[in-house]
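# Reading the structure
One-letter residues, chain by chain:
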Amino acid sequence: MAFVQQSSPHARNARPTSRVMLWVLIAALPGLFAQTLFFGWGNLINVVFCVALAILSEAALLRLRKKPVLFFIRDNTAAVTGLLLGLSLPQFAPWWVSAVAVISAIVVAKQLYGGLGSNPFNPAMVGYALVLVSFPVAMTTNWAEPAMLWNSAPGFSETLATIASGQQTAFDGWTMATPLDEYKHKITIHTAAEVLNHPTFGNNVARGWEWVNAAFLAGGLLLIGLRIISWHIPAGFLGGLIVMSLAFGSNADLYTPLSLHILAGGTMLGAFFIATDPVSAATSHQGKLIYGAGIGILIYLIRTWGNYPDAVAFSVLLMNFAVPFIDHYTPPRTYGHHKARRGVPGSQG
Amino acid sequence: MTQLWDFSGGVHPPGHKEVSTTRPVRNAGIPELLILPLQQHIGVPAEPLVEVGERVLKGQKIADIKAGMGVPVHAPTSGVIESIADYPVPHPSGMADRCITLKPDGQDQWCALNPVKDYRSLERDQILRIIRDAGISGMGGAGFPTNIKLQPPRDRKVSTLILNGAECEPYITADDMTMREKADDVIAGLKIMAWILRPERCVIGIEDNKPEAIAALRRATEGTQTEIVVIPTKYPSGGEKQLIQILTGMEVPSGGIPADIGVMCQNIGTAVAVAKSVFEGKPLISRVVTMTGEALQDPGNFETLIGTPIEYMLEHAGVDQNAVSRLVLGGPMMGYTLTTESVPVIKTTNCVIAATAAELPAPPPEQPCIRCGQCAEACPMELLPQQLFWHAKAAEFEKAEHLNLFDCIECGACSYVCPSSIPLVQYYRFAKGEIRAQQAEQLKADRARERFEARQARLEREQQEKELRRKERAKAAAEAQAKKKADAEKAAVKGEAVDERAAKSALVEQALARKKAKAEASQSPATSAPPAEETPDIGALEKQLSQAQAKLDTMQGMLDDAKAQQADNVEKLERAVAKNHDRVKRAEALLAEARDKAAARPSESRSTH
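Bear in mind the structure is a predicted one, so any value in this text is a computation, not a measurement. (Residues numbered from 1 in each chain as written. Chains lettered and ligands numbered in written order. Predicted model: local features only at pLDDT ≥ 70, side-chain atom pairs only at ≥ 80, totals over all residues.)

### Things to note about the overall build of chain B
Selection rule: The helix and strand labels rest on DSSP assignments: H or I over at least four residues marks a helix, E over at least two residues marks a strand, and numbering proceeds from the N terminus. Atoms counted for the radius of gyration: C-alpha only. Globule rule: 2.2 Å times residue count to the power 0.38. Contact criterion: two residues are in contact if their C-beta atoms, reconstructed from the backbone, are within 7 Å.
Per the secondary structure count, chain B includes 17 helices and 17 strands. Relative to a compact globule of 609 residues, whose C-alpha radius of gyration would be 25 Å, chain B shows 37 Å and is clearly more extended. Along the first, second and third principal axes, the C-alpha atoms of chain B reach 125 × 60 × 55 Å. Sequence separation of at least 24 residues holds for 72% of the intrachain contacts in chain B that already meet a minimum separation of 6.

### Details of the domain arrangement of chain B
You'll often see interface size given as the accessible area lost when the parts meet. Short version of the rule: The source of the domain bounds is an automatic or database domain assignment.
The domains assigned to chain B are domain 1 (18-355), domain 2 (366-482) and domain 3 (537-609). One C-alpha centre belongs to domain 1 of chain B, the other to domain 3 of chain B; they are set 62 Å apart.

### So, unusual backbone geometry
Defined as follows: Exposure is read from a count of other C-beta atoms within 10 Å of each residue's own; the residue is exposed at 12 or fewer, buried at 20 or more and partly exposed in between. C-beta atoms are placed from the backbone.
For the bond from Ser8(A) to Pro9(A), the omega torsion is 0 degrees, close enough to zero to count as cis. Note that Pro9(A) resides in the segment before helix H1 (17-27). Backbone torsion omega between Tyr235(B) and Pro236(B) reads -5 degrees, so that peptide bond is classified as cis. Note that Pro236(B) resides in the loop between strand E11 (227-231) and helix H6 (240-248). Residue Lys66(A) is not a glycine yet carries a positive backbone phi of 60 degrees. Along the chain, Lys66(A) falls in the loop between helix H3 (42-64) and helix H4 (69-73). Looking at Lys66(A), the number of C-beta atoms within 10 Å reads 7, which means it is exposed. The residue Ser421(B) is not glycine, and still its phi comes out positive at about 45 degrees. By secondary structure assignment, the location of Ser421(B) is in the loop between helix H12 (413-417) and helix H13 (424-493). On the neighbour-count criterion, Ser421(B) (16 C-beta atoms within 10 Å) is partly exposed.

### Observations concerning the interface of chain B and chain A
Put simply, the rule is: Under the grouping applied here, Gly and all other residues not named as nonpolar or charged are polar, the nonpolar ones being Ala, Val, Leu, Ile, Met, Phe, Trp, Tyr, Cys and Pro and the charged ones Asp, Glu, Lys and Arg.
Across the contact, 54 residues belong to chain B and 35 residues belong to chain A. Elements supplying a minimum of two residues to the side of chain B that touches chain A: strand E15 (326-329), strand E16 (336-337), helix H10 (385-393), helix H11 (397-402), H12 and H13 of chain B. Of the residues in the side of chain B that touches chain A, the class split is 29 nonpolar, 17 polar and 8 charged.

### Concerning H10(B)
Each turn of an α-helix holds 3.6 residues, which means side chains three or four residues apart point in the same direction. Residues and elements named next belong to chain B. Burial within H10 is extensive, with 7 of its 9 residues counted as buried. Taken together, the buried positions of H10 are Pro385, Gln386, Gln387, Leu388, Phe389, His391 and Ala392. Tucked inside the fold, the buried residues of H10 contact helix H9 (374-378), H11, H12 and H13. Backbone geometry just after H10 places alanine 395 at a positive phi near 60 degrees.

### Looking at the sheet that holds strand E6 (residues 73-74) of chain B
Residue and element names in this part refer to chain B. Put simply, the rule is: In short, DSSP must find at least two bridges between two strands for them to pair.
Taken in spatial order, the 3 strands line up as E3-E5-E6 in an open sheet, and their pairing is antiparallel. The open sheet has two edge strands, strand E3 (47-48) and E6, and neither has a second partner. Of the pairings in the sheet, the one linking E3 to strand E5 (residues 61-64) comprises 2 bridges and is antiparallel in character. In the sheet register, proline 48 faces E5, and the bridge partner there is alanine 63.

### A few points about H13(B)
Residues and elements named next belong to chain B. So the rule is basically this: To estimate the expected span of a helix, subtract one from its residue number and multiply by 1.5 Å.
Here H13 contains 70 residues, and its C-alpha end-to-end distance of 102 Å stays within 8% of the 104 Å for a straight helix at 1.5 Å per residue. Burial of H13 is sparse: only 5 of the 70 residues sit out of reach of the surface. Those residues of H13 that fall on the buried side of the exposure criterion are Leu424, Val425, Tyr427, Tyr428 and Ala431.

### Side note on the environment of Leu32(A)
Residues and elements named next belong to chain A. Here leucine 32 shows up in helix H2 (residues 29-39). Once the C-alpha coordinates of leucine 32 and alanine 215 are considered, the two residues, 183 residues apart in sequence, prove to be 8.3 Å apart. Once residues within four sequence positions are removed from consideration, leucine 32 is found in contact with Asn43, Leu44, Val47 and Leu87.

### Regarding the sheet that holds strand E13 (residues 286-292) of chain B
Residue and element names in this part refer to chain B. Condition: Only the stretch in contact is used when a helix axis is fitted, and all axes are lines through C-alpha atoms; the angle between N-to-C directions ranges over 0 to 180 degrees.
Here 6 strands make up an open sheet; going across it, the order is E1-E14-E13-E17-E15-E16 and the pairing mixed. Looking at strand neighbours, the two that pair on one side only are strand E1 (26-27) and E16, the edges of this open sheet. Across 3 bridges, the pairing between E13 and strand E17 (residues 351-355) is parallel. Each bridged residue has a counterpart across the sheet, and for threonine 290 the counterpart in E17 is cysteine 351. Against the sheet, helix H3 (residues 174-181) engages E13, strand E14 (300-305) and E17, with an angle of about 125 degrees to E13.

### Things to note about the nonpolar core
The criterion, for reference: The nonpolar core criterion groups buried Ala, Val, Leu, Ile, Met, Phe, Trp, Tyr and Cys residues into a set whenever they are joined through C-beta atoms within 7 Å.
Grouped together as the largest cluster of nonpolar side chains are 247 residues, with contacts concentrated most on Met125(A), Ile162(B), Leu217(B), Met313(B), Val352(B) and Ala354(B). The dominant element in this core, judged by the number of residues it contributes, is H3(A), at 10 residues. Beyond its immediate chain neighbours, meaning those up to four positions away, Ala354(B) contacts Gly293(B), Ala295(B), Leu296(B), Leu314(B), Val319(B), Val324(B) and Leu327(B). One finds Leu552(B), Met555(B), Ala576(B) and Val584(B) within the second-largest nonpolar core, a separate group that totals 7 residues.

### Some details on the domain arrangement of chain A
Residue and element names in this part refer to chain A. Examined at the domain level, chain A breaks down into domain 1 (16-177) and domain 2 (178-330). For domain 1 and domain 2, the distance between their C-alpha centres works out to 20 Å. Listed by partner, the interface residues are 31 residues for domain 1 and 29 residues for domain 2. Those elements that provide at least two residues to the side of domain 1 that touches domain 2 are H1, H2, helix H5 (77-88) and helix H7 (123-134). Considering every element that reaches the side of domain 1 that touches domain 2, the biggest residue donor is H2, with 7 residues.

### A few points about the packing of H2(A) against H3(A)
Residues and elements named next belong to chain A. Rules: Reported orientations rely on four angle classes, namely roughly parallel under 35 degrees, roughly antiparallel over 145, roughly perpendicular from 65 to 115, and oblique for the rest.
Interaxial distance between H2 and H3 falls to 7 Å at its minimum, and their mutual angle equals 135 degrees. It follows that H2 is oblique to H3 by the angle criterion. Listed contacts from H3 to Leu32, Gln35, Thr36 and Phe39 of H2 are Gly42, Asn43, Leu44 and Val47. Grouping the constituent residues of the contact of H2 with H3 by class yields 4 nonpolar, 4 polar and no charged.

### Brief notes about the packing of H10(B) against H13(B)
The relative placement of two packed helices comes down to the angle between their axes together with the axis-to-axis distance. All names here are of chain B. Inclusion rule: Handedness of a crossing follows from how the near helix is turned relative to the far one, being left-handed for an anticlockwise turn of less than a right angle and right-handed for a clockwise one.
Running from N to C, H10 and H13 point in directions that differ by 55 degrees, and their axes come no closer than 9 Å. One finds that H10 runs oblique with respect to H13. As for the relative orientation of H10 and H13, their crossing is left-handed in sense. Between H10 and H13, the contacting residues are Pro385, Leu388, Phe389, Ala392 and Lys393 on the first element and Leu424, Tyr427, Tyr428, Phe430 and Ala431 on the second. Residue classes in the contact of H10 with H13 are distributed as 9 nonpolar, no polar and 1 charged.

Printed below as a string of structure tokens:
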């Protein structure tokens, strides 16, 4: 009789990629729930639209590349890219902004580089950065006002109609500058107390945003608990941001305070869900810490001295560039070796 | 409580050990035919000491090592040697190798045995000799000759002797059952090895999932200094390097052996074999084999004669032929699949898994690596499996080597956890094989180059010597001529009646004759100067020409290569090419000349062929 011939190991107990990605989708739900609770239906609509479009573009490209479509679609990675964009884009961003972001993420940043596992850059952030520099108006004026400030909250159909209409900017009464944006521009001529009077900050740190960030933090901790991500990148990310903020921006009358850096903008989403994309991140534990810290530091630099109110996308992409370099110099010390073999083959170390 | 260290990574596969531990070790009995490979150990194969048709007794040495490393093979029972030929042997490649087959006669008649009662009264070398002559090699996996392992280099004093009772691979329970049932033999073997090595510490490392074995060993070591150290169950704690780290906190240096840090690991089965060889005088002719897997109705451990076909063992354990999808020799993490059940049990065979398709299913198709890092978390050697995979797949072997590919112990933990179900270990084996092949190729090329360069140097030297001789001859000739001229002048001066013209023409004739002689000599330097009139051998000349042409071509090729690589031997090669070019021309000229002559005398030239 013919026996199965196979290379060891014969036993396996792996959590398939599809389930890993499913857990990422699930862990993001608290954040999406908080966004919907505090900023209306916009993010939910964006998420559904982006996920659907991401899967469609992935399928189309797989077909063009003559790859098994279902086999790859089922790994859920396109859905995660769509989800991350839906969570990051402004609530009232017109549909074509989202479409450009998703298509450039999946088609250009992912599939044209060789598909899953071969993309040097975080696909979602490539899409985000592209629309951010291409459509600055649509990307800055469409952030929803926190729900409790709305006189007449836009319902699901109104929100959907606004997004679907394709208008560059949504109804002024529904939108408001984000806390990071507000603080950055007002602090140059006002004191901290005056700036914080603005309703976008609320009673705590940043109305609505603080809960959204807390929810993403909770989801992120779940992922760490499930060993789907390691703690190194978020720790480096938040550590870098905190250290920079304490070192350079402790004066709240001149700089955005630490609390806002941590609990406003895309900080927690970035730290736990975006920067942790394993394909485009550094490899070893040490490398991940450096990679995360680099992102945190760059976010602080761009938020404070750059032109943009938030900077997750640019920072992640810039550190993506640095990954091969980081990887060369941060391999772990192998058992039985005195020290790690850093550098490239042929070099000393 | 002994201090324990943890090793990095590791996985927790389900044990499946209860499948084979419910019943005590049974005797597998004597099969109809025993197949005894001549190489069951690391080293050179043993050479047969018996002839086909010869009757041998149980325990009789039937093959031994004449030169080199290795251990002998013994007859596991009495019977007749049926053949000495190639049979399939247990090997991942499914290859066949030299085996002695023995037809048992059923009498199971022992040869004369020489048990030793008090081994302490013997010299260490004598004990090592006994262990060697008993054919004992490591029974845990690799099969390194035990007597050689027990003699580490003089500067490598073994201070810690470890008995490896971890048995971390799922399914396998051979060591577990041995420790439960033969704890005294295990300890006796350990004591003999300790007496040889004189370590400061004797430790038995054993995973905490074997409470019965732990209890048995504790009883057997009561009142002795041997430590029974219970370690947490985690694969691969029984890997030599990992066990040493757990028990001592030290790491075996990369590329080194445990003795480098004063440690030695021995296998449980080996300890029992050593005890038997000394106290009973019996060679290693049987071992405990775990027969397990869901395709067996009666799994368990069997005391099995070396050489017993797996087929016989499967039947013994109640195999359901239709249910077996995969036969694994060894454990599910590091074992290899068998192509045929006709291979025999050998000294290193510890387990056979007859698995059903549901038990060890085929892996799902390989997906792209997403660098999730689960493999690196699981790697007990602290490697970066995802990077090694990347480089192995891209055939960037230099980079893989730089990331310590050769420190990989192929434990399979990375593949076990890979979400993309990538057969990582297979990629590493491939990369290692490629690198080894490249190194062998490089070595061969280096040797060829050395040979070539040495030859070039020799030819150059000979050429120079020839040139020197030529110059000397020319000088001598010039002197002789000058002298002659002087003599002639003297004679003329003396007024002798000499026709000046005649003298001159004589001189010219002499010179011509010399030149002719020289030309002849140089044309046929190798042959014993055949007469010029004889017909030249056209065939030989043609061969000479083609050889010279071929040499010129290779030389030209080498020169081109060297130029492309800007090697430092370009000059030398250029000279060589020029020289070969001349040689070809000369050969061509000779051949043309010979052909002309042959054309003049066709009949004769035919006959020379």
